[in-house]
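These are the residues of each chain, in order.
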Amino acid sequence: MESHDVASYQDLPDDLFTRAEFREELVEDTGFSNYSYWQSTIRTFFKSTVVKVTVALVLVLVTFTFAFPYISNADPYKVSLSSKEWNLPPSREHPFGTDGVGRDIWARVWYGTRTSFLLALVVAVLEVGIGVIVGAVWGYYRKLDTLMFGIYNTITNIPSTIYLVIIAYIMKPSIVTIIIALVSSGWISEARWFRNKILALREADYNVASTCLKTPVNRIVSRNIVPHIMSLIIMDAALTIPSSIGSEVFLSFIGLGIPAEMVTLGNLVNQGRSAFLVYPFQMIFPTAILCVITVSFYIIGNKFADASDPRNHV
Amino acid sequence: MRRYYLSKLCQALVTISLVVLVVFALLRFMPTTGYFSKEEYREMDEVARNAYLRSLGVLDPTLVQLKNFLAKLFRGDLGRSMTLYPKSRIQDILRDKIKYSVMFNAFSWVVSAVIGMPLGIAMAKNKGGFVDSAGTAYVVAVRSIPSIIIHFFVQVYLSKWLGLPMLFKMNQPASWILPTISLSLGSIAGYAIWLRRYIVDEENKDYIKFARVKGFSQNYIMVRHVFRNAIVPIAINFPSDLLMLISGSLVIEGLYSIPGMGGILIKSIQAMDNNLVQILVLLFSTLSVFGVFLGDIFVSFVDPRIKLQDKED
């Protein structure tokens, strides 16, 4: 096989080849790849049209939600005493109509979105943050395995709804309760997931070499490991947002959510639900905004997971 | 093999005892009003209330209460409901409820397996095509939109379009259709996306290529190699699915007013019926732990790798 190849190469006529010009600046080039993980991830991520649209949509929504209290003076809590103001259909003055006591649904939707966003954001930061820290420690000290797997089995063997329900039942209904309920049931799965990743990274040759050179553990964790799991952190945070918002809606459905006086998307959807058959718009608008948010974050999270996988980088 | 079963059994027992301990301790923080029916609370004064609570044993130290609770449990006495069904025995209440939840979950289980698995296979075969995109859109919608919203719209619009009743009635089988559809939506998505991803990943594995080189037909490879491996995680969940038939769905039973086990948990929470909540939460948790245990046992028959691994040890 090999001798045949060599023979055929020598048979080729010389005029097929031209001598390349010698260029000084290209001498070092062969040994250097300009592959950058983050650039490739972001390029792959934004290649798809769906991603461009959803990211734009989320940016617009978030900006508008947080700017709303400054650009409009509509009051989401203002109750009207005259029945003429109750259950109004959408109009110029009330773009989403008014509810059963004359409160402006347009304002309520944006205030509610803000509360729900903040809730989801806090949950995402805490859950993923605790997950990363615990996962890092767990991945590093194998002695913790028995204890941590015990906790993992206890928490994950119980359906998360039951868990949410019992915590929300025991504590007073408030935003803090929901945050505690969600974070305390979610952190362990995150920790396990990061533990597996970190364990794999720890066994990587360059980290074994670092350990042999007596690099302190905290330095290996912060320099060699955490940067590698950054993309996983972003993806997980994006995916917890729809589930947190969903859990809030669920809890307010079974009557253990945030008190009804506060505007959140969950409360709005459930208040609208009771009036749906007569005034469908009272539920449709909050629901539409809520679905746009959850679907967008779900898509962004999943697409980012694909994009952050180096095997998908071209 | 015996070591595998033993370790799984220990794990399950430890988990169950931990759960019982934690739930029991947490529920001691609940306000004691949950031990009175409304009339009783109004009629009694502070002294009488305290005496009553003491007679129930609620004011004892937590560990003593736990001992009494467990002793009663082993005698088959689940205690009595306090506010929701004043003074009736919990086992009698649950006996009525279980059949509804079992019935609906069994229906939906069949429906989701029958629809979900073929959908997943079709999506994998049609990768990038219309079936695949439509299926993916369905999965994304079901997974990201809060389930209550989906169930609510299914109830309102499907009942209008198909002319089906909106609320459940036992003697009217047409009213069983919508709850079954609602219950199946999530697990159809689960089966479909799992099978699709698995088949697509597995297509490029060496052993599949080798089987193809050997000249086996696509169907043979699918059934004997890919599907057999893909079914393992589904098999793990099989027993817990069966046991969880009892627990019912909190949301769907609420929406369709099905008098099942999920609905009663919500109602007992709203009525702050401590005893009932405690029993239900413990029951659901124990069932799911036990289900996971049975799944581990069951999968050892389906997945030959576990046997091999155990021999190596």
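In this text, all values refer to a predicted model and were calculated from it rather than measured experimentally. (Residues numbered from 1 in each chain as written. Chains lettered and ligands numbered in written order. Predicted model: local features only at pLDDT ≥ 70, side-chain atom pairs only at ≥ 80, totals over all residues.)

### Some remarks on the overall build of chain A
Stage number 1. Per the secondary structure count, chain A includes 11 helices and 0 strands.
Stage number 2. Secondary structure of chain A in N-to-C order comes out as α-α-α-α-α-α-α-α-α-α-α.
Stage number 3. Reported as C-alpha extents along the three principal axes, the dimensions of chain A are approximately 95 × 55 × 35 Å.
Stage number 4. Split into buried and exposed, the 314 residues of chain A put 37% on the buried side.
Stage number 5. Partitioning the intrachain contacts of chain A with sequence separation of at least 6 by distance along the chain shows that 69% fall at a separation of at least 24. (Helix = DSSP H or I, 4+ residues; strand = E, 2+ residues; numbered from the N terminus. Buried ≥ 20, exposed ≤ 12 C-beta atoms within 10 Å, placed from the backbone. Contact = placed C-beta atoms within 7 Å.)

### Some thoughts on the environment of Val-289 of chain B
Stage number 1. You can see Val-289 of chain B is positioned in helix α13 (residues 274-302).
Stage number 2. Take Val-289 of chain B: there are 24 C-beta atoms within 10 Å of it, and that puts it in the buried class.
Stage number 3. As for Val-289 of chain B and Lys-205 of chain B, which are separated by 84 residues in sequence, their C-alpha atoms are 34 Å apart.
Stage number 4. When neighbours within four sequence positions are excluded, Val-289 of chain B is seen to be in contact with Asn-157 of chain A together with Ala-12, Thr-15, Ile-16 and Val-19 of chain B.

### Things to note about the interface of chain A and chain B
The figure often quoted for interface size is the accessible area lost as the parts come together.
Stage number 1. Facing the 30 residues of chain A at the interface are 31 residues of chain B.
Stage number 2. For the side of chain A that touches chain B, the secondary structure elements donating two or more residues are α5 (145-157), α6 (160-170), α9 (217-253), α10 (265-274) and α11 (281-308) of chain A.
Stage number 3. The residue inventory of the side of chain A that touches chain B, partitioned by class, reads 20 nonpolar, 9 polar and 1 charged. (Nonpolar A, V, L, I, M, F, W, Y, C, P; charged D, E, K, R; others polar.)

### Regarding the nonpolar core
Stage number 1. Counting 118 residues, the largest nonpolar core has Val-109, Val-165, Ala-168, Ala-238 and Ile-254 of chain A together with Ala-192 and Leu-280 of chain B as the members making the most contacts within it.
Stage number 2. At 16 residues, helix α4 (residues 105-140) of chain A tops the list of elements feeding residues into this core.
Stage number 3. Counting only domains with at least three residues in this core, you end up with domain 1 (2-91 + 272-302) and domain 2 (96-255) of chain B.
Stage number 4. In contact with Ile-254 of chain A, other than residues within four places in its own chain, are Val-165 of chain A together with Leu-250, Ile-266 and Ile-269 of chain B. (Core = buried A, V, L, I, M, F, W, Y, C linked by C-beta atoms within 7 Å. Domains from an automatic or database assignment.)

### Thoughts on the packing of α4 of chain A against helix α7 (residues 175-202) of chain A
Residues and elements named next belong to chain A.
Stage number 1. Contact geometry of α4 with α7 gives a least axis separation of 6 Å together with a crossing angle of 35 degrees. Where α4 crosses over α7, the handedness of that crossing is right-handed.
Stage number 2. Across the contact of α4 with α7, the residue classes break down as 21 nonpolar, 4 polar and 4 charged. (Axes fitted to C-alpha atoms, helices over the stretch in contact; angles between N-to-C directions. Left-handed = near helix turned anticlockwise from the far one by under 90°.)

### Quick word on the domain arrangement of chain B
Residue and element names in this part refer to chain B.
Stage number 1. Structurally, chain B comprises domain 1 (2-91 + 272-302) and domain 2 (96-255).
Stage number 2. The C-alpha centroid of domain 2 is placed 33 Å from the C-alpha centroid of domain 1.
Stage number 3. Domain 1 puts 11 residues into the contact, and the matching count from domain 2 is 12 residues.

### Side note on helix α5 (residues 90-125) of chain B
Stage number 1. Look at α5 of chain B: 51 Å from first C-alpha to last across 36 residues, which is about the 52 Å you get at 1.5 Å a residue.
Stage number 2. The largest bend along α5 of chain B reaches roughly 30 degrees and is located at Lys-97 of chain B. (Expected span 1.5 Å × (residues − 1). Bend = angle between axes of the 7 residues up to and from the residue.)

### Some words on the confidence of the model for chain B
Residues and elements named next belong to chain B.
Stage number 1. Of the residues in chain B, 96% reach a pLDDT of 70 or more, and the chain-wide mean stands at 83.
Stage number 2. The secondary-structure element of chain B with the lowest mean pLDDT is helix α14 (residues 304-312), recorded at 62, while helix α6 (residues 130-144) shows the highest, at 92.
Stage number 3. This prediction of the complex comes with two scores: 0.81 for pTM and 0.79 for ipTM. (pLDDT = per-residue confidence, 0-100.)

### Points about the packing of helix α12 (residues 261-270) of chain B against α13 of chain B
For any two helices packed against each other, one specifies the inter-axial angle together with the distance between the axes.
Residues and elements named next belong to chain B.
Stage number 1. Packing of α12 against α13 brings their axes to within 8 Å, and their N-to-C directions diverge by 145 degrees. For the pair α12 and α13, the sense of crossing is left-handed. Contacts between α12 and α13 involve Ile-264, Leu-265, Ser-268 and Ile-269 from the first element and Leu-276, Val-277 and Leu-280 from the second.
Stage number 2. A class-by-class count of the residues in the contact of α12 with α13 yields 6 nonpolar, 1 polar and no charged.

### Quick word on unusual backbone geometry
Stage number 1. A positive phi is found at Lys-214 of chain A, a non-glycine position, where the angle reads about 65 degrees.
Stage number 2. Judged by the 6 C-beta atoms lying within 10 Å of it, Lys-214 of chain A is exposed.
Stage number 3. A positive phi is found at Ser-257 of chain B, a non-glycine position, where the angle reads about 40 degrees.
Stage number 4. Mapping Ser-257 of chain B onto the fold places it in the loop between α11 (250-255) and α12.
Stage number 5. Judged by the 12 C-beta atoms lying within 10 Å of it, Ser-257 of chain B is exposed.

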